[in-house]
Amino acid sequence: MRHERGQWKSSVGFILAAAGSAIGLGNIWRFPYVTGTNGGAAFVGWIWGFRHAGHELQTGSSVGEGFVRVWGLFLRWICPALILLILLSLFPAGARLLAFLGLG
């Protein structure tokens, strides 16, 4: 049988994968720590805020709603589900239920 080789869907994905393997995850996780201990925490906060603003714009445009509506949907549906999973995992019966369902 002949198998077709996979293709990258975008060049950005390829570049990010190549950079991630070249740089290594250790350096990516180490960078905020080193900048924070050396007084550069404001720079890291600015970078995080810039990324967060871009994520909000992309989420709002993909859903077709405004910022407040998107966060309302998030808080109404996803946060309670996450809280329920966290609470269930804290209690022994909940942990057993999650293990039984294959989620824990």
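Scroll up for the structure.
Residues numbered from 1 in each chain as written. Predicted model: local features only at pLDDT ≥ 70, side-chain atom pairs only at ≥ 80, totals over all residues. Heavy atoms only, no water.

From N to C terminus, the chain includes five helices and zero strands. N-terminal to C-terminal, the α/β element order of the chain is α-α-α-α-α. Over its C-alpha trace the chain gives a radius of gyration of 20 Å, far above what one expects of a compact globule, namely 13 Å for 104 residues. On the principal axes, the C-alpha backbone points of the chain span a range of 55 × 45 × 35 Å. Split into buried and exposed, the 104 residues of the chain put 7% on the buried side. Only carbon and sulfur atoms are counted for the fraction: they give 69% of the accessible area of the chain, which is about 9,300 Å². (Helix = DSSP H or I, 4+ residues; strand = E, 2+ residues; numbered from the N terminus. Rg over C-alpha atoms; globule rule 2.2 N^0.38 Å. Buried < 20%, exposed > 50% of the residue type's maximum accessible area, 1.4 Å probe, protein only. Areas by Shrake-Rupley, 256 points an atom, 1.4 Å probe, with all protein chains shown as cover.)

Together, W77, I78, L82, L85, L97, F100, L101 and L103 line one region of the surface with nonpolar side chains, adding up to about 900 Å² of accessible area. With four residues, the single largest contributor to the nonpolar patch is helix α4 (residues 67–90). Secondary-structure assignment places L82 in helix α4. For L82, a relative accessible area of 45% gives the class partly exposed. (Patch = residues over 30% accessible without salt bridge, like charges linked within 9 Å, V, L, I, M, F, W, Y side chains within 5 Å. Salt bridge = Lys/Arg side-chain N within 4 Å of Asp/Glu carboxyl O.)

To continue, consider the side chain of T35. Take T35: it is sitting in helix α2 (residues 25–37). When its relative accessible area of 15% is taken as the criterion, T35 is described as buried. Contacts of T35, omitting those with residues within four sequence positions, involve G40, A41 and V44. (Contact = heavy atoms within 4.5 Å.)

Read these as layout, nothing more, since geometry by itself doesn't imply function.
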